[in-house]
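# Reading the structure
Residues per chain, in single letters:
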Amino acid sequence: MVGHRPIADRTWRIRIESPRMAAAATPGQFAMLRLPGRTDPLLARPLAVYDVFPGSDGRLRYVDFVYAVHGRFTTALEGLPAGERLIVWGPLGNGFAPPAVDHLVLVAGGIGQTALLALARERSGLARYGDPARRPPRAGRITFCWGARTAGLFGDVDDFRQAGCDVHLATLDGSLGTRGTVVDLLDAQLAAGRLGPSDRMQVATCGPEAMMAAVARWTAERSIACDVSLETPMACGIGICFTCVAPIRGADGGWDYRRTCVEGPVFDAASVVW
Ligand SMILES: Cc1cc2nc3c(=O)[nH]c(=O)nc-3n(C[C@H](O)[C@H](O)[C@H](O)COP(=O)(O)OP(=O)(O)OC[C@H]3O[C@@H](n4cnc5c(N)ncnc54)[C@H](O)[C@@H]3O)c2cc1C
Ligand code: FES
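Residues numbered from 1 in each chain as written. Chains lettered and ligands numbered in written order. Predicted model: local features only at pLDDT ≥ 70, side-chain atom pairs only at ≥ 80, totals over all residues.

### Things to note about the site of ligand 1
Quick note on the threshold: For each residue, a C-beta atom is placed from the backbone, and the residue is labelled near a molecule or strand when this atom is within 6 Å of it. Each helix corresponds to a stretch of at least 4 residues labelled H or I by DSSP, and each strand to a stretch of at least 2 residues labelled E; elements are numbered beginning at the N terminus. Just so you know the grouping, Ala, Val, Leu, Ile, Met, Phe, Trp, Tyr, Cys and Pro go in nonpolar, Asp, Glu, Lys and Arg go in charged, and all remaining residues, Gly too, go in polar. As annotated, the domain borders come from an automatic or database domain assignment.
Neighbouring ligand 1 are 22 residues; Tyr-67, Gly-71, Phe-73, Thr-74 and Thr-114 lie closest to it. Looking at the shell around ligand 1, the elements that each hand over two or more residues are β4 (45–48), β6 (60–68) and α2 (72–78). Among the residues forming the shell around ligand 1, the class breakdown is 14 nonpolar, 5 polar and 3 charged. Summarising the domain contributions, the shell around ligand 1 has at least three residues from each of domain 1 (3–92) and domain 2 (103–232).

### A few points about the domain arrangement of the protein
The line we're drawing: Our contact criterion uses C-beta atoms placed from the backbone: two residues qualify when those atoms are within 7 Å.
The domains assigned to the protein are domain 1 (3–92) and domain 2 (103–232). Summarising the inter-unit geometry, the C-alpha centres of domain 1 and domain 2 are found 22 Å apart. On the domain 2 side, the residues contacting the 17 residues of domain 1 number 18 residues. Of all the secondary-structure elements, those providing two or more residues to the side of domain 1 that touches domain 2 are β1 (3–8), β2 (11–17), α1 (19–24) and β6. Tallied by class, residues from the side of domain 1 that touches domain 2 come to 11 nonpolar, 3 polar and 3 charged.

### Some remarks on the environment of Arg-259
Within the fold, Arg-259 resides in strand β15 (residues 255–259). The contacts of Arg-259, once residues within four sequence positions are left out, are Gly-239, Phe-242, Cys-244 and Val-245.

### Some words on the sheet that holds β4
Cut-off, in case you're wondering: Any two strands with at least two DSSP bridges between them are considered paired. Between N-to-C directions, angles span 0 to 180 degrees; the directions come from axes that are lines fitted to C-alpha atoms, helices contributing only their stretch in contact.
Ordered by their spatial adjacency, 3 strands build an open sheet running β4-β3-β7, and the pairing between neighbours is antiparallel. The sheet terminates laterally at β4 and β7 (87–92), the two strands that pair on one side only. Along the sheet, successive strands turn relative to each other by an average axial angle of 25°, direction set aside. The pairing of strand β3 (residues 30–34) with β7 spans 4 bridges and is classified as antiparallel. Paired with Met-32 across the strands is Trp-89, a residue of β7.

### A word on the sheet that holds strand β12 (residues 201–206)
Sheets are built from strands that pair by backbone hydrogen bonding, the pairs being arranged parallel or antiparallel. Spatially, 7 strands are ordered β11-β10-β9-β8-β12-β13-β16 in an open sheet, and the strand pairing comes out mixed. Sheet topology places β11 (178–179) and β16 (266–268) at the edges, where each strand pairs with a single neighbour. Its contacts with the sheet place helix α5 (residues 182–191) against β8 (103–109), β9 (141–148), β10 (165–171) and β11, and it is angled at close to 140° to β9. Its contacts with the sheet put helix α6 (residues 209–221) on β8, β12 and β13 (225–229), and the angle it makes with β13 is roughly 170°.

Below, the structure written as C-alpha cells:
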C-alpha cells in the first residue's frame, strides 16, 4: 500500500502498487483484499477498483480503492499507515458492458460511487481500461446522482466533475443537495427536464441493496435500461465458495442462484429477483 488518506467521514482512499492489475482492470471490476499475518478477519473482503494511475514511466502502475469503515476488515485497515503490505487479488468479476448511449446516468448510494468513477472516465473518453485497452463509444453526456445519509460522507466528488459528469447530490438529512433519497433526486432531475425521455439513456447503479432495488423499479417503470453492481458478501472472489450467490432470472423467466463474483457483480437490473 503506497498511499492511504481520509477523504470523508470514516471513508479512506488507498493506493496499491500493482502494474498487472492496473493494466488489466475494467470499470466495475473489483479485487479481494486481506491483511497479511492476521486471522481476524480470516477472509478477504471485496472492494471495487476505483481508478488506475500510471507511474513516472507513463505505464499503468497503481490501483486506488475507496472504503467506508464498516466492520472488522475496514476497521483494521483504517489503522494501517501507507507502506504496510496487503494481500490483494484481482481484477475480478465482470464489470460494466459498454453499449452506445446518448446519456449515461450513474446512480450511487452510500459508498457505491466506488464502482462508477472508472466507468465515467472511460465513457467520457478521458481514460482507457483493460488489456488490450477497450474502446467503447463515448456517451453523449454523463450525469452522476449520488445519495448519502449526510454531507460529510461525500468524498472526492470532484473526481466525478473532472470525469465530465454533471454532478447532483442528495442527503437524507438535507445537509447538502436535494433532501431525500437518490430516487427522490432522480425524480427531481426528471421533473427539471434533465433526464429527457427522448434520450437513449442507460443507468448504472451501485449502493445498498434496497437503494438499488428502488432504482431498478424506477428505471423499469420508465423502460430505461439499468445495470446494477451487486455488493453481496464474498469469501473467495473466484467462484469456489458460493457465499456470494444472488437470485437472477434467466431468459426462460425462471430464476437460479448466480455467483456474483464470477457472473457479476454487474447484472441487468431487470434480471435480479429483488
Ligand atoms: C463487488 C463488491 C465491491 C465492493 N466495493 C466496495 C468498495 O469499493 N468500498 C467499500 O467500502 N465497500 C465495498 N464493498 C462492500 C465491502 O466488501 C463490505 O462492506 C465488507 O463486508 C466490509 O468488510 P468489513 O470486515 O469491514 O465488514 P464486515 O465485518 O464484513 O461486515 C459487518 C456487517 O456487515 C454485513 N455485511 C457485510 N458485507 C455486506 C454487504 N455487502 N452488504 C450488506 N451487509 C454486509 C455483515 O454481515 C456484518 O453484519 C464491496 C462489496 C462487493 C461485493
Ligand atoms: S465469493 Fe466465493 S463463489 Fe463467489
